[in-house]
Amino acid sequence: MKFCSACGQPVIQQIPEGDSRLRYVCQSCHTIHYQNPNIVAGVLPTWGSQVLLCRRAIEPRRGFWTLPAGFMENGETLDQAARRETVEEACAQVGTMSLYQLFDLPHINQVHVFFRAELADLNFDVGVESLEVRLFEEHQVPWDELAFRTVARTLECYYRDRIEQHYPIGHEYLPPMNVSPTS
């Protein structure tokens, strides 16, 4: 950040009084510009024993498979964001959603949140951000072609939990790929 979005004057990095972190601060209007993580909201849509996956039509990871998910917009609830992404990517509607998986990704300043939900019907189609949308049985999931680790972990947890029909809320920290979980 070089300029203040409030007044257009240059900003500097400093620790504001009463704070403990470096922030961008405008020396002219004294606005403190906080930078916070982005939230990705998504759905694990199911139909019986099948899950709905979308092949991405956009970068990053174009051509890879994912669950319908994307960045939350201002003015949305998590529920609204997850439902919107499901419509945008798969033209699909889901019923009641249950919070299922949370992932902390501080190395990319993101939090990923996935809900579990049954498809309302089989009226799904390719959305504007997808090349292909289809239902997969567990043995059909293209594990080597999944776009993101959070999607793979959500699916792994789902198939593990489905055996007992018990779906606890999971919360994991995912370190960068080149860092071990204990570092």
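Above this text is the structure in question.
Residues numbered from 1 in each chain as written. Predicted model: local features only at pLDDT ≥ 70, side-chain atom pairs only at ≥ 80, totals over all residues. Heavy atoms only, no water.

A. Quick peek at the layout of surface pockets. Taken as a whole, the largest pocket encloses approximately 510 Å³ of empty space. Every residue lining the largest pocket is counted, 28 residues in all, and those nearest its centre are V40, P60, Q110, H112 and F148. The set of elements that each furnish at least two residues to the lining of the largest pocket consists of β7 (69-71), α1 (78-90), β9 (110-119) and α2 (149-164). Ranked by residue count, the leading element in the lining of the largest pocket is α1, at four residues. Per-class residue counts for the lining of the largest pocket are 13 nonpolar, six polar and nine charged. For the second largest pocket, the calculated volume is near 220 Å³. What lines the second largest pocket is simply R21, R23, Q35, N36, P37, D104, L105, P106, N109, Q110 and V111. Of all the elements in the fold, those that place two or more residues in the lining of the second largest pocket are β8 (94-105) and β9. Of the residues contributing to the lining of the second largest pocket, the split by class is four nonpolar, four polar and three charged. (1 Å grid on protein atoms, 1.4 Å probe; cavity = no way out; pocket = protein on both sides within 12 Å on 5 of 7 lines; lining within 4 Å. Points joined across faces, edges and corners; volume = space filled by probe spheres on them. Helix = DSSP H or I, 4+ residues; strand = E, 2+ residues; numbered from the N terminus. Nonpolar A, V, L, I, M, F, W, Y, C, P; charged D, E, K, R; others polar.)

B. A look at the nonpolar core. Counting 22 residues, the largest nonpolar core has V51, L53, V141, L146 and L155 as its most contacted members. Considering each element in turn, this core owes the most residues, six residues, to α2. Not counting the four nearest positions on each side in its chain, L146 is found in contact with L53, R61, F64, W65, V141, V151, A152 and L155. One finds A82, A92, M97 and L135 within the second-largest nonpolar core, a separate group that totals 16 residues. (Core = buried A, V, L, I, M, F, W, Y, C linked by side-chain atoms within 4.5 Å. Buried < 20%, exposed > 50% of the residue type's maximum accessible area, 1.4 Å probe, protein only. Contact = heavy atoms within 4.5 Å.)

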